[in-house]
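Overview (structure and organization)
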Amino acid sequence: MIQDKRIAFSSYLTQLLSTGRVVFSRDEARLALGVSQGAFLDAAERQQRKQHLVSLRRGLYVIVPPQYLAWGAPPPPWYIDDLMRHESRPYYVGLLKAAELHGATHQAVMEFQVVTDKRLPEIRAGRSAITFHYRKDMGAVSEGIEDRKTDTGRMKVSSIELTLLDLVRYPRAAGGLDNIATIISDLGDRVDAQKLADRSAAFERSVLQRLGYLLERFAQPERAQALHAALPHGSPLPWIELERSQAADPESAPEPKERDERWHVIVRRLPERDE
């Protein structure tokens, strides 16, 4: 009897793959197979040991198609939308991964970065690492989220304008200032100045100041001007550090190399882009 259940489960996985699906839930599999939870978990564990199945979250599984057996899992675009629907969370693929998807030529991204409104632990699926970055007000950036077709469905991706703003807001996840400067050089000509100004309303003033300085420094004056016009003008801009880490320890902080009067940004190390 156990032997029969194993064969039925294997056939079930094959059937899902034949219809273009790689993700399924424990509950739908149990219903389709007519087995108890214990029998299902035993069968799923056997398939995981064979590396034919990956458990993404409790009760959610992704099938490993034959062409991805060496990778241990299919690529995240194949299942990220199903995963976030399972989590009941709004999301978008963002930061460095979004920059790569938009054509940033210098990006070889090691993590699949997702922005959502809940602090979620990292997921490792085969060779892929999915990291989650917290944003409370997802509705405020909804106009900057695009639908993109994938091999198995669709996924949500930040627009170029939202991507640049996010990279400055999450500098550690962005790989540092030089990496952001390189992405601006790669994608800057494709930024819609008005959309950038519109999206900036959902960000802190300091993000606009830092991004505006970088856009101006790396030959995007039109985009920088649109961002400057979007700044609140009721009171003088506060002075901020371009790189907060450079001034973390006042005793060892480098002397400023520049104090930009337009953006009120203190620059202790001039950013450099990769050539």
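For clarity, every value in this text was computed on a predicted model and none was experimentally measured. (Residues numbered from 1 in each chain as written. Predicted model: local features only at pLDDT ≥ 70, side-chain atom pairs only at ≥ 80, totals over all residues. Heavy atoms only, no water.)

1. Quick look at the packing of aromatic side chains
This structure, assessed with the given rule, holds seven aromatic pairs. Ring plane angle 85° and centroid distance 5.7 Å describe the contact between Y12 and F24, whose orientation is recorded as edge-to-face. Taken together, the positions of Y12 in helix α1 (residues 2-18) and F24 in strand β1 (residues 23-25) put the pair twelve residues apart, joining distant regions of the chain. Of the two residues examined, Y12 and F24, each falls in the buried class. A ring pair is formed by F40 and Y61, whose centres lie 5.5 Å apart and whose planes are at 80°; its orientation type is edge-to-face. With F40 in helix α3 (residues 37-49) and Y61 in strand β3 (residues 60-63), this pair connects stretches of sequence that are 21 residues apart. Here the two residues F40 and Y61 agree in accessibility, since each one is buried. (Phe/Tyr/Trp six-rings, centres within 6.5 Å; stacked < 30°, edge-to-face > 60°. Helix = DSSP H or I, 4+ residues; strand = E, 2+ residues; numbered from the N terminus. Buried < 20%, exposed > 50% of the residue type's maximum accessible area, 1.4 Å probe, protein only.)

2. What to know about the packing of helix α9 (residues 205-217) against helix α10 (residues 221-230)
Axis separation between α9 and α10 bottoms out at 8 Å; the angle between their running directions is 160°. Overall, the two elements α9 and α10 adopt an arrangement that is roughly antiparallel. α10 is crossed by α9, and the crossing has left-handed handedness. Contact with α9, carried on its side by L208, L211, G212, L215 and E216, involves P221, R223, A224, L227 and A230 of α10 and no other residues of that element. Its residues assigned to classes, the contact of α9 with α10 shows seven nonpolar, one polar and two charged. (Axes fitted to C-alpha atoms, helices over the stretch in contact; angles between N-to-C directions. Parallel < 35°, antiparallel > 145°, perpendicular 65-115°, else oblique. Left-handed = near helix turned anticlockwise from the far one by under 90°. Contact = heavy atoms within 4.5 Å. Nonpolar A, V, L, I, M, F, W, Y, C, P; charged D, E, K, R; others polar.)

3. With respect to the pattern of salt bridges
According to the stated counting rule, one finds 16 salt bridges in the structure shown. Here R49 and E45 are joined by a salt bridge, their closest N and O atoms 3.3 Å apart. Of the two residues, R49 and E45 both sit in helix α3, four residues apart, roughly one turn of that helix. The salt bridge involving K156 is made with D147; its shortest N-O contact spans 3.6 Å. In this structure D147 comes out as partly exposed when scored by relative accessible area, which is 49%. Sharing partners across several salt bridges, the network here consists of D81, D82 and R85. (Salt bridge = Lys/Arg side-chain N within 4 Å of Asp/Glu carboxyl O.)

4. Topic: the environment of A99
Mapped onto the elements of the fold, A99 is located in helix α5 (residues 95-101). The spatial distance from the C-alpha of A99 to the C-alpha of Q220 is 17 Å, given a sequence separation of 121 residues. The residues touching A99, leaving out its near neighbours within four places in the chain, are A104, T163, I183 and L187.

5. A word on the sheet that holds strand β12 (residues 265-267)
Ordered in space as β10-β12-β11, the three strands form an open sheet in which the pairing is mixed. The open sheet has two edge strands with one neighbour each: β10 (240-241) and β11 (258-260). By the bridge criterion, two bridges tie β10 to β12 in an arrangement that is parallel. Counted as the bridge partner of E241 is I266 from β12. (Pairing = 2+ DSSP bridges.)

6. A closer look at unusual backbone geometry
For Q51, which is not glycine, the phi torsion reads 65° and is therefore positive. Turning to its location among the elements, Q51 is positioned in the loop between α3 and β2 (53-57). Positive phi values are uncommon outside glycine, yet S88 reaches one of about 60°. Mapped onto the elements, S88 comes out in the loop between α4 (80-87) and β4 (91-93).

7. Examining empty space enclosed by the protein
The tally for this structure, following the rule as stated, stands at one cavity of 30 Å³ or more. Considered as a void within the structure, the largest cavity measures approximately 30 Å³ in volume. Lining of the largest cavity is provided by E241, L242, E243, Q246, I266, V267, R268 and R269. Class assignment of the residues belonging to the lining of the largest cavity gives a composition of three nonpolar, one polar and four charged. (1 Å grid on protein atoms, 1.4 Å probe; cavity = no way out; pocket = protein on both sides within 12 Å on 5 of 7 lines; lining within 4 Å. Points joined across faces, edges and corners; volume = space filled by probe spheres on them.)

Bear in mind that shape data such as this cannot, by itself, settle questions of function.
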